[in-house]
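What the coordinates show
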Amino acid sequence: MNAGESAYGLWILVLLNSVVFVFFAFSFIKPRSEADWRSLGAFSAFVVALFVEMYGFPLTIYFLAGWLARRFPDLDPFSHESGHLLQTLLSVEGDPHFNLLHIASNLIIVAGFLILASAWRVLHQAQQRGELAMTGWYARCRHPQYAAFILIMLGFLLQWPTLVTVVMFPILVVVYMRLARREEHMALMEFGEVYRAYMERTPRFIPRLSPKLTTHLGRE
């Protein structure tokens, strides 16, 4: 590989992509509470780690270079295409940006951001009225914003898995689960049986295919 073909050391791209995706997330959730900032911070750390390896320093490729060279003798492990490790390991041919795996990952990421934006509108309107958010995506699951963050990170993992993000992903899922439980405890203290009934009919993270009809109830 010629030096001019290197896809790494492009720190401007690391910065630009990180800022763009973190800004998207920030604009969709508009963090106010400590929990909001924690969820955004966790997601931001994942995004930065991802783009550092995608365009900056390919730590995962350096660790796996010897093994990749033995298993795929004709492969240039430091080309940008080789960074799409799932495509490499599955021996998928063609441009990695246009195969089904990459397209599916893009759709998952877009879906995550759309859920994030939609859920925020419902939550913001409910907070202004001092009510529970129980319509839209909140009629399908109790924490659509956290589910959206997990979905976006999963999409990125399918597209460009790295050792760091693979380790971070389950840790961040646990972080979101703990934040969700903390919010549920606070909601139970504030809304009592109204929220308890909502918990009984609405799953925590995995959305229902068809939401149950609910009345947008206020405080007890």
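Just so it is clear, the structure is predicted and the values come from calculations on it, not from any experiment. (Residues numbered from 1 in each chain as written. Predicted model: local features only at pLDDT ≥ 70, side-chain atom pairs only at ≥ 80, totals over all residues. Heavy atoms only, no water.)

Another point: the packing of aromatic side chains. Here the structure, examined in full by the defined rule, presents 17 aromatic pairs. Relative to Phe 156, the ring of Phe 51 has its centre 6.0 Å away and its plane inclined at 75 degrees; by these criteria the two rings are edge-to-face. Here Phe 51, found in helix α2 (residues 34-56), pairs with Phe 156, found in helix α6 (residues 144-159); they are 105 residues apart in sequence, far enough to count as distant. Here the two residues Phe 51 and Phe 156 agree in accessibility, since each one is buried. Residues Tyr 195 and Tyr 198 carry aromatic rings whose centres are separated by 5.5 Å and whose planes lie at 50 degrees to one another, so their mutual orientation is tilted. With Tyr 195 and Tyr 198 both in helix α8 (residues 193-201) and three residues apart, the pair spans about one turn of that helix. In terms of burial, Tyr 195 and Tyr 198 fall into one category: buried. Three or more aromatic residues joined by ring pairs make a cluster, and in this case those are Phe 21, Phe 24, Phe 28, Phe 43, Phe 51, Tyr 55, Phe 113, Tyr 146, Phe 149, Phe 156 and Tyr 176. Geometry around Trp 137 places Arg 140 over its ring, the cationic atom sitting 5.4 Å from the centre. (Phe/Tyr/Trp six-rings, centres within 6.5 Å; stacked < 30°, edge-to-face > 60°. Helix = DSSP H or I, 4+ residues; strand = E, 2+ residues; numbered from the N terminus. Buried < 20%, exposed > 50% of the residue type's maximum accessible area, 1.4 Å probe, protein only. Lys NZ or Arg CZ within 6 Å of the ring centre and 35° of its normal.)

Here Gln 87 shows up in helix α4 (residues 85-89). Discounting residues that sit within four places of it in the chain, Gln 87 has contacts with Val 92, Gly 94, Asp 95, Pro 96, Asn 99 and Leu 101. (Contact = heavy atoms within 4.5 Å.)

With that settled, the discussion passes to the pattern of salt bridges. Applying the stated criterion across every chain, the model contains six salt bridges. A salt bridge links Glu 184 to Arg 142; the shortest N-O distance between them is 2.9 Å. In this pair, Glu 184 sits in helix α7 (residues 163-191) while Arg 142 sits in the loop between α5 (100-129) and α6, placing the two residues 42 residues apart along the sequence. Given a relative accessible area of 4%, Glu 184 falls into the buried group. Residue Arg 204 is joined to Glu 184 by a salt bridge in which the shortest nitrogen-to-oxygen separation is 2.8 Å. Highlighted residues: Arg 204 in the segment after α8 and Glu 184 in helix α7, separated in sequence by 20 residues. Residue class for Arg 204 comes out partly exposed when judged on its relative accessible area of 23%. What you see here is one network of salt bridges that share partners, running through Glu 34, Arg 38 and Arg 182. (Salt bridge = Lys/Arg side-chain N within 4 Å of Asp/Glu carboxyl O.)

Let us look at the environment of Phe 26. With respect to the helices, strands and loops of the structure, Phe 26 is situated in helix α1 (residues 11-29). By relative accessible area, Phe 26 is classed as partly exposed at 35%. Here the alpha-carbon distance between Phe 26 and Val 14, two residues 12 residues apart in the chain, equals 18 Å.

All right, on to the nonpolar core then. By size, the foremost hydrophobic cluster in this structure holds 42 residues, and its most contacted members are Phe 43, Phe 46, Phe 51, Phe 113, Met 153, Phe 156 and Tyr 176. Elements supplying a minimum of two residues to this core: α1, α2, α3 (59-71), α5, α6 and α7. Broken down by element, this core gets its largest block of residues, 11 residues, from α2. Among all residues touching Phe 46, those that are not within four sequence positions of it are Met 153, Phe 156, Leu 157, Thr 165, Met 168, Phe 169 and Leu 172. (Core = buried A, V, L, I, M, F, W, Y, C linked by side-chain atoms within 4.5 Å.)

Further remarks concern the confidence of the model for the chain. Overall, the prediction assigns the chain a mean pLDDT of 87, with 93% of residues at 70 or greater. The element-level mean pLDDT for the chain is lowest in α4, coming to 85, with α6 highest at 94. Note on residues 214-220: pLDDT under 50 across the span, and 24 contacts to partners over four residues away in sequence or across chains. (pLDDT = per-residue confidence, 0-100.)

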